[in-house]
Structure formats: C-alpha cells, structure tokens
Amino acid sequence: MSIFLNTQLGKNKLTPKQVLSDPILFLAFGFGSGLARKAPGTLGTLAAVPVYWLFAQADIVVYSLLTLVVTIAGISICGRAAEKLGEHDFGGIVWDEVAGYLITMWLVPLTWQTLAAGFVLFRLFDILKPWPISWVDRHISGGLGIMLDDVLAGAFAAVTLFLIAHGGWI
C-alpha cells in the first residue's frame, strides 16, 4: 500500500497529479508532503527541515525576513489552495507547518538537538492546540485562519525551545 494518497482530494476532487502540477497547490501541500495518506502535518513539518537548514545559513536578519515572507505568503497560498480544493483547512495543506517550524527555530543555533527538539515541540503545540491556539483554529477562517494557529504553535514552541536551548538543557 502506498503511503501517498491515490484518491481524489477535497470537495472539488482534485487528483495528486493536479496538486503537484499547480504551483499554488504544490506549495500549499509542502512540496508534495501533504499528499501523505497518514500524518500529512508531520510530514509537512519534516519537509520544512531542509528549508530551515537552507535559511539558517543566512544571518538572523535574512532568516527573519525569509520566515516573514513564507508566513505572509502562506495566507494567500493556503487560502487559494482551500478555494481550489473546495474545503477549508484540508489536511493536506501543510504550508502552515512549514511556516510554523521556521518560527519555532528562530533564535536557536542549528544543531541536530535543536532540529529534533524544535520538531517535537512544534508538533506537540500544533496537535494539542492549547488556548489561544484552539480558539484561533475554531474561529478564524480563510488563509489567515489556516496559517494563524500554526504561527501561534510555532511561537509557543519557539519560546519553549529558546528557554531549553539557552538554559543549557540541549
């Protein structure tokens, strides 16, 4: 059995081939990682790791600007993808995970320990959705709603990771 979806996606019944050939959907689906049959959010976060590694080669100002661009562009990318799919916050839309992970990794050194801890922390906050993340997830719609809960999960994870990394625990 394939780990990737082989069925039609969303209410508009798009195929994986359509997702991969449409630039907006390709980005929204995290370079195809959102096509995973199981745990697309986790695989979308995994797809963010090489993006983080690439961005982390720059200084903090450039990293911050790139992360801001990914996040702001994500509002449109996710909103347009949801419209094309005919479904708000379809599980395969994982660009928000890419942005959330980049936010998580802001201001920590690039090490395998921070990569792993950031991954785990972001996924925990994204899955558990403590308040106010849960409120945002339920009450804000469109591209902003798709992005904002993951931006907040990334911010919560970033603060936690910063304290752990700079406290000498990793």
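Everything here concerns the structure above.
Scoring rules and cut-offs
Residues numbered from 1 in each chain as written. Predicted model: local features only at pLDDT ≥ 70, side-chain atom pairs only at ≥ 80, totals over all residues. Heavy atoms only, no water. Helix = DSSP H or I, 4+ residues; strand = E, 2+ residues; numbered from the N terminus. Contact = heavy atoms within 4.5 Å. 1 Å grid on protein atoms, 1.4 Å probe; cavity = no way out; pocket = protein on both sides within 12 Å on 5 of 7 lines; lining within 4 Å. Points joined across faces, edges and corners; volume = space filled by probe spheres on them. Nonpolar A, V, L, I, M, F, W, Y, C, P; charged D, E, K, R; others polar. Salt bridge = Lys/Arg side-chain N within 4 Å of Asp/Glu carboxyl O. Buried < 20%, exposed > 50% of the residue type's maximum accessible area, 1.4 Å probe, protein only. Core = buried A, V, L, I, M, F, W, Y, C linked by side-chain atoms within 4.5 Å. Expected span 1.5 Å × (residues − 1). Polar contact = N/O pair within 3.5 Å; in protein donor to acceptor, adjacent residues only side chain to side chain.

A. Main features of the environment of tryptophan 95. Topologically, tryptophan 95 is positioned in helix α5 (residues 95-104). For the pair tryptophan 95 and alanine 47, spaced 48 residues apart in sequence, the C-alpha to C-alpha distance is 9.6 Å. Those residues in contact with tryptophan 95 that lie beyond four places of it in its chain are Leu27, Ala28, Phe31, Val70, Gly74, Ile77, Cys78 and Met147.

B. View of the layout of surface pockets. Approximately 170 Å³ is the volume found for the largest pocket. In terms of lining residues, the largest pocket is bounded by 17 residues, among which Gly41, Gly91, Ile93, Glu97 and Asp126 are the most central. Among the secondary structure elements, those contributing two or more residues to the lining of the largest pocket are α3 (40-55), α5, α6 (112-128) and α8 (142-166). The element that contributes the greatest number of residues to the lining of the largest pocket is α3, accounting for three residues. In terms of residue class, the lining of the largest pocket is built from five nonpolar, three polar and nine charged.

C. Structural view of the pattern of salt bridges. Inspection of the entire model under this criterion finds five salt bridges. A salt bridge links aspartate 126 to lysine 129; the shortest N-O distance between them is 3.2 Å. Its relative accessible area of 5% is what places aspartate 126 among the buried residues. Lysine 129 is the partner of aspartate 149 in a salt bridge, and the nearest nitrogen-oxygen pair spans 3.0 Å. With a gap of 20 residues between them, aspartate 149 in helix α8 and lysine 129 in the loop between α6 and α7 (133-139) connect regions that are remote in the sequence. Each of Glu97, Arg123, Asp126, Lys129 and Asp149 takes part in salt bridges that share partners, so that together they form one network.

D. Here's a closer look at the nonpolar core. One finds Phe29, Leu85, Ile93 and Leu102 to be the most contacted residues of the largest nonpolar core, which totals 39 residues. Looking at this core, the elements with two or more residues in it are α2 (23-28), α3, α4 (60-85), α5, α6 and α8. Per element, the largest residue contribution to this core is seven residues, and it comes from α4. Look past the residues within four positions of isoleucine 93 in its chain and what remains in contact with it is Ala28, Phe29, Cys78, Ala81, Ala82, Leu85 and Ile146.

E. Local environment of α8. The end-to-end C-alpha distance of α8 is 36 Å, a good match for the 36 Å that 25 residues give at a rise of 1.5 Å each. Those residues of α8 that fall on the buried side of the exposure criterion are Gly143, Gly145, Ile146, Met147, Asp149, Asp150, Ala153, Gly154, Ala157, Ala158, Leu161 and Ala165. Taken together, the buried residues of α8 touch α4, α5, α6 and α7. One or two steps after α8, the chain reaches glycine 168, where phi turns positive at roughly 85°.

F. Layout of the side chain of arginine 123. Within the secondary structure, arginine 123 sits in helix α6. Of the residues examined, arginine 123 reaches a relative accessible area of 11% and is grouped as buried. A distance of 2.7 Å separates polar atoms of two side chains, one belonging to arginine 123 and the other to aspartate 126. Sequence-distant contacts of arginine 123, defined by excluding residues within four places in its chain, comprise Gly41, Thr42, Thr45 and Glu97.

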